[in-house]
Amino acid sequence: MRAVVITEPGDPEVLEWRDVPDPECAPDEVLLDVAASAVNRADLLQRQGHYPPPAGAPEWPGLECSGTVREVGSAVSGWSPGDRVCALLSGGGYAERVAVPSGQLLPVPAGVDLVSAAGLPEVMCTVWSNVVMAAGLVSGDVLLVHGGASGIGTAAIQVGVALGATVAVTAGTREKLDRCAELGASILVNYREEEFPAAVRDATGGHGADVVLDIIGAKYLEANIDALATGGRIVVIGLQGGRKAELNLQALMGKRASVIGTTLRGRPPVEKAAIVADVRERLWPLIENGAVAPVIDSLIPMSMAADAHRLVEEGRHVGKVILTV
Ligand SMILES: NC(=O)c1ccc[n+]([C@@H]2O[C@H](COP(=O)([O-])OP(=O)(O)OC[C@H]3O[C@@H](n4cnc5c(N)ncnc54)[C@H](OP(=O)(O)O)[C@@H]3O)[C@@H](O)[C@H]2O)c1
């Protein structure tokens, strides 16, 4: 088969679509013919040599894909050859075939085409596991999503709105904020022009954010606590603004608040399977009834993965950039 190989750490040019050995299907795995994968920010870090794949994962990038079941491992039940699925991966999605632990498979939701479904698993599992399972967002909460126009952000806005939250977002341009508004965000903050804590407090009558989904890290820690409502929860899932910051524990205690940090990729398969099961049970129906939809920026052939990485690196996209086989 062919895969997008990282020939050496570096710029997008190091990505090469070339022949690699076929994956083998272990007893607890399912082998897929990949229809499409999608670019995640972590793939750019992996390409640069900063985010090696976990043990046992293929060397080539790709944290999610969609496709058709080709072979089912001897210990797997519930899936059959020909099933149309999408999958959460530890790596290896940028390829014609991939072997996936069966607990990380999801059916393609009704109403979503096979290619678009490639952009669902990573963002939906990340958003659900953090905003709902870890931070306990409930109807009536205020959810602040940083980077509202990102792959993660576009999913988080829709999930928040579908669950009855008021959604605030940050983004760096008016165009991106307009797209966030179309998805249901009602508090729009251009982080280049405004301080988001004051903007969120003003827009919520002084209440602040009950849950913050943060992709910036150190640079926003103090401001995130400032933006928080009493009893609020910050979930840090990205470090685009650095990894080390000073934490004002008095401010945290005064708000009876919590700061949570998570990664999805490094979790053991059993934890990923638990997240996937909850996503299938509680989030998939929201996709099937149209409340939540994949937001696709562009479709790019896998052989041109370097162009897709440039697009995401330059931040010109809204939502997901899909790589098609
Ligand atoms: N922990 C986990 O398990 C996990 C899983 C998946 C993703 N993530 C993280 O989630 C983040 C988003 O991933 P993605 O694949 O969706 O990335 P993406 O589509 O490339 O989006 C990155 C976003 O960051 C925004 N941004 C940059 N600087 C900002 C700032 N100062 N304030 C607010 N927004 C800012 C950009 O928006 P502008 O152009 O408007 O600046 C852009 O929309 C990444 O950091 C990724 O590593 C973590």
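Residues numbered from 1 in each chain as written. Predicted model: local features only at pLDDT ≥ 70, side-chain atom pairs only at ≥ 80, totals over all residues. Heavy atoms only, no water.

In the nomenclature of an unreviewed UniProt entry, the chain corresponds to NAD(P)H-quinone oxidoreductase from the organism Phytoactinopolyspora halotolerans.

1. A look at the overall build of the chain
When you go through the chain residue by residue, the secondary structure sums to nine helices and 15 strands. In summary, the chain has a C-alpha radius of gyration of 19 Å against a globular reference of 20 Å for 325 residues, a match within 12%. Sorting the 325 residues of the chain into buried and exposed places 53% on the buried side. A sequence separation of at least 24 residues applies to 67% of the contacts in the chain between residues at least 6 apart. Averaging the locations of the 26 positively and 39 negatively charged side chains of the chain gives two centres separated by 3 Å. (Helix = DSSP H or I, 4+ residues; strand = E, 2+ residues; numbered from the N terminus. Rg over C-alpha atoms; globule rule 2.2 N^0.38 Å. Buried < 20%, exposed > 50% of the residue type's maximum accessible area, 1.4 Å probe, protein only. Contact = heavy atoms within 4.5 Å. Lys, Arg positive; Asp, Glu negative; His and termini not counted. Charge placed at Lys NZ, Arg CZ, Asp CG, Glu CD.)

2. What to know about the side chain of Arg 47
Tracing the backbone through its elements, the reader meets Arg 47 in helix α1 (residues 41–47). By relative accessible area, which is 1% here, Arg 47 ends up buried. When neighbours within four sequence positions are excluded, Arg 47 is seen to be in contact with Ile 6, Glu 8, Pro 9, Gly 10, Asp 11, Pro 12, Val 14, Leu 15, His 309 and Glu 313.

3. Quick word on the domain arrangement of the chain
Annotation of the chain at the domain level lists domain 1 (2–120 + 268–324) and domain 2 (124–261). Taken together, the 22 residues of domain 1 in the interface contact 18 residues of domain 2. For the pairing of domain 1 and domain 2, the buried interface totals around 1,700 Å² over both sides, and the portion due to carbon and sulfur atoms is 71%. Considering only the side of domain 1, the residues that lose the most area to domain 2 are Leu 283, Val 295 and Val 318, jointly responsible for 27% of the buried surface there. Linking domain 1 with domain 2 are zero salt bridges. At 10 residues, helix α8 (residues 269–288) tops the list of elements feeding residues into the side of domain 1 that touches domain 2. Residue composition of the side of domain 1 that touches domain 2, grouped by class: 15 nonpolar, three polar and four charged. (Domains from an automatic or database assignment. Buried area = accessible area lost by both parts, 1.4 Å probe. Salt bridge = Lys/Arg side-chain N within 4 Å of Asp/Glu carboxyl O. Nonpolar A, V, L, I, M, F, W, Y, C, P; charged D, E, K, R; others polar.)

4. Focus: the site of the ligand
By nearness alone, 26 residues border the ligand, and Arg 41, Gly 172, Lys 176, Tyr 191 and His 317 come closest of all. In the model, an oxygen atom of the ligand is placed 2.7 Å from a nitrogen or oxygen of the Arg 41 side chain. Between Tyr 191 and the ligand, the recorded distance is 2.3 Å, taken from a side-chain N or O atom to an oxygen atom. In isolation the ligand exposes 930 Å². Once the protein is present, 88% of that is buried. For the shell around the ligand, the elements supplying multiple residues, two or more each, are α2 (121–134), α3 (151–162) and β9 (166–171). Here the residues of the shell around the ligand are counted per class, giving nine nonpolar, 12 polar and five charged. Inspection of the shell around the ligand shows a minimum of three residues originating in each of domain 1 (2–120 + 268–324) and domain 2 (124–261). (Near = heavy atom within 4 Å. Polar contact = N/O pair within 3.5 Å; in protein donor to acceptor, adjacent residues only side chain to side chain. Areas by Shrake-Rupley, 256 points an atom, 1.4 Å probe, with all protein chains shown as cover.)

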